[in-house]
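What follows is the residue order along each chain.
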Amino acid sequence: CYFAFTTGYRHEKSKYGPLVVVSSRDNGRTLVSWMTLPGFSDRGIQHASGGPMGAGRVGFLVSAVDESDVVTTHFIYTDDIAASSPVWTEASVTTSDGFFVNGPMLALPAAEGGHETLGFRWYGHSAGRIRVVSTVDNGANFTDTTIAAKPTGKTLVEPFAGLLSNGTYLVVIRDDDG
């Protein structure tokens, strides 16, 4: 399994710090293969989620924020994770507005076009709405869908989703307005 984290503090910009990717062969009990990916020159990585994908790819969806608080979404991936110095590629992901990825990358079932090894889904939030960014082709293209609109007097943030054994998704959402 793979873990990714940034060098910033929670709810703060990471001051253009790197994305750190760590692998584990025992479900996180021992961390090995620490890889530091350079940050962006004009924005800080604030959120990241990802892991192994299809065809040997390891990819992460990241939310980056510039000094003006403009949020952009990026897909950072490598197809040669086993190399002594993997080459990482960054691609911008078009979203309707700033998208803060939150929680794990989930495999997209074949029934939803994901074929279980090439399709993935990330839950996140922006402007009080809960959204899903998905790919059905291993990160070549992405879709951005709002699944919960901002209710009156509420700000929906930080969804955490899981895929249940019956094939349905359970999404827990925090209301930032109390």
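Thresholds applied
Along every chain, residues carry numbers that run from 1 in the direction the sequence is written. It should be noted that, the model being predicted, local features are given only for residues of pLDDT at least 70 and side-chain atom pairs only at 80 or more, the latter also being counted only at that level, while totals for whole chains, interfaces and linings use all residues. As a rule here, side-chain values come from all non-hydrogen atoms in the structure, and water together with hydrogens is ignored. Strands are runs of DSSP state E lasting at least two residues, helices are runs of H or I lasting at least four, and both sets are numbered from the N terminus onward. Note on pairing: DSSP must find at least two bridges between two strands before they are called paired.

## Describing unusual backbone geometry
With a phi close to 55°, A55 is a non-glycine residue in the positive phi region. With respect to the helices and strands, the residue A55 is situated in the loop between strand 4 (44-52) and strand 5 (58-65). The phi angle at E158 is positive, at roughly 50°, despite the residue not being glycine. For E158, the location among the structural elements is in strand 13 (residues 156-163).

## Overview of the pairing of strand 13
As judged from the six bridges shared by strand 13 and strand 14 (residues 169-175), these two strands associate in the antiparallel manner. Its bridge partner being in strand 14, G162 is matched across the sheet by L170. Following strand 13, the chain reverses through five residues before pairing antiparallel with strand 14; G167 in that reversal takes a positive phi of roughly 90°.

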